[in-house]
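# Residue-level structure breakdown
Now for the letters of each chain:
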Amino acid sequence: KKSHESEKRLIKKCRELNQEIVANAAKVQTALKLSQEDQNTIASLKKEIEKAWKMVDTAHEKEGRAKETINQLKLEIQNLSRLVEQGAGLS
C-alpha cells in the first residue's frame, strides 16, 4: 500500500517535471527564434550603415569637386575681368 502511494507520487512528480521541461523547451525555442531575428536585424542595420557611409563619402567627393570648379571659375572671372579692363583701357 505504502509503495503504491510512493509510486503514485513519483509518477505525479515525473509528469510535473515533464511539463516543466516541455514549457522550458518552448521558452528556449522562442529565445532562439528571437535571437536569430535580432541577428538578422543587426546584419540589416550594418548594411544600412555601410550604405549611409558610402553616401557620405560620395557627398564629400562631390563637394570637393564642386569647390574645385568654383575656384576655377573664380580664376576665370578674374582673368576675364582683367582682359575687359585692359580692353577698356585700349579704346
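Up top you'll find the structure we're talking about.
A few points on the structure.

Reading guide: rules and limits
- Residues numbered from 1 in each chain as written.
- Predicted model: local features only at pLDDT ≥ 70, side-chain atom pairs only at ≥ 80, totals over all residues.
- Heavy atoms only, no water.
- Helix = DSSP H or I, 4+ residues; strand = E, 2+ residues; numbered from the N terminus.
- Rg over C-alpha atoms; globule rule 2.2 N^0.38 Å.
- Areas by Shrake-Rupley, 256 points an atom, 1.4 Å probe, with all protein chains shown as cover.
- Lys, Arg positive; Asp, Glu negative; His and termini not counted.
- Charge placed at Lys NZ, Arg CZ, Asp CG, Glu CD.
- Salt bridge = Lys/Arg side-chain N within 4 Å of Asp/Glu carboxyl O.
- Buried < 20%, exposed > 50% of the residue type's maximum accessible area, 1.4 Å probe, protein only.

## A few points about the overall build of the protein chain
Counting its regular elements, the protein chain contains 1 helix and 0 strands. In terms of C-alpha radius of gyration, the protein chain reaches 39 Å, well past the compact-globule figure of 12 Å for 91 residues. Taken as a whole, the protein chain presents about 8,900 Å² of accessible surface, with 60% of it coming from carbon and sulfur. Here the protein chain holds 18 positive side-chain charges and 14 negative ones, and the gap between their average locations is 13 Å.

## Concerning the pattern of salt bridges
Here the structure, examined in full by the defined rule, presents 3 salt bridges. With a closest N to O distance of 3.7 Å, Lys33 and Glu37 form a salt bridge. With Lys33 and Glu37 both in helix α1 (residues 2-90), this residue pair falls 4 residues apart, about one helical turn. By relative accessible area, which is 57% here, Lys33 ends up exposed.

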